[in-house]
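Structure at a glance
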Amino acid sequence: MDLQLIKTFLEVAATGSFGAAAGRLFVTQSAVSLRIQRLEDQLGRPLFERTKAGVVLTAAGREFRGFATMILRNWEQARQRVSALDERARTLAIGAESTLWPRFGFRWIDRLREGHPELEIRAVLAEPDGLVQMALSGEVQVMLTHGPLDRPGLHSERLIEEQLVMVCPWPEATVESVAPAYTLVDWGPEFLRFHEAALPGLANPRLTLSDGAMAAWFLRSRPCAAYIPTRLAHASLETGQLFAVQDAPGFSLVSWAVWREDTDEELRSVAARALADTLSLVREDASEVMEQL
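This text gives an overview of the structure that appears in the document. In this text the structure is predicted, and so the values were computed from the model without any measurement.

Focus: unusual backbone geometry
Its identity as a non-glycine residue notwithstanding, Phe 26 has a phi of 60°, on the positive side. Exposure remark for Phe 26: the relative accessible area of 78% places this residue in the exposed category. One non-glycine residue, Glu 172, lies in positive phi territory at about 55°. Among the secondary structure elements, Glu 172 is positioned in the loop between strand S6 (154–168) and helix H7 (175–178). Under the relative-accessibility criterion, Glu 172 is labelled exposed at 75%.

As structure tokens, then:
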């Protein structure tokens, strides 16, 4: 069976859209449709039901989804075992959400390349749902995310906690004064629960940004208020482009590393040591920024 067909099926199932799956796979929507049709022809059953809102799995699709994940996982395990026969070639696949690459991921790669130049590294950027599928299927051995995962075969490790601060381009602002220009940035379920309880007056903003990485850039040139990490706000606060909203409560955002439990022990040990070194650098930076704030 063509693994591309299975990967395409899982992307469509995760996104609920042929178009969104095409974007993640960097192919055309017609290519996605053709792959799904070929897979349905091979299985003899329709896997998706087309609706106006997108696509949903049929009963056959729901049944096949578990097998599809297992097929990819087994293939990745087989590929890793065969590759391991050549001790000179070791590959570490790292996945991360967009907001975690600049702070953790890139530095982690730097440490790995410095200490282990023989190591082959593959870096993947994806949304949380996509990362989960990649981890379960074995496409990545470890991922950086803002939430732990309680799934068989995966182990979540708490990394670091950072502060989110509400900022805006006006000095001496308050939560009440910035309400008309407030933008809600989706920093995950925990943040949204905190936001609903602590800031009921900002419960229905006119603009929501689903990706935190673009929030700091958006705020720099637009009259908006939003929550962003202190590390992203630091430079703009120093130059006077942004100001902290004085009476806005802070929020602690936790970052996690999620490992596949079947990752080669020696490879995981190498990667974990490099990650620990990276965390030390990140903590030093965070401490300096908080002192200056």
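Next comes the rest of the write-up.
Focus: the side chain of Ser 137
The residue Ser 137 is located in helix H6 (residues 128–137) in this model. Within the local environment of Ser 137, its side chain forms a polar contact with the backbone oxygen of Met 134, the two atoms lying 3.2 Å apart. Reaching out from Ser 137, the side chain makes a polar contact with the side chain of Glu 139 at a distance of 3.4 Å.

Digging into the state of the cysteines
Per the stated rule, a full pass over the model turns up 0 disulfides. Of all cysteine sulfurs in the structure, the one in Cys 224 sits closest to Cys 168, which takes part in no disulfide; the separation is 10 Å. Overall, the relative accessible area of 11% leaves Cys 224 in the buried class.

Definitions and cut-offs
Residues numbered from 1 in each chain as written. Predicted model: local features only at pLDDT ≥ 70, side-chain atom pairs only at ≥ 80, totals over all residues. Heavy atoms only, no water. Buried < 20%, exposed > 50% of the residue type's maximum accessible area, 1.4 Å probe, protein only. Helix = DSSP H or I, 4+ residues; strand = E, 2+ residues; numbered from the N terminus. Polar contact = N/O pair within 3.5 Å; in protein donor to acceptor, adjacent residues only side chain to side chain. Disulfide = S-S within 2.5 Å.

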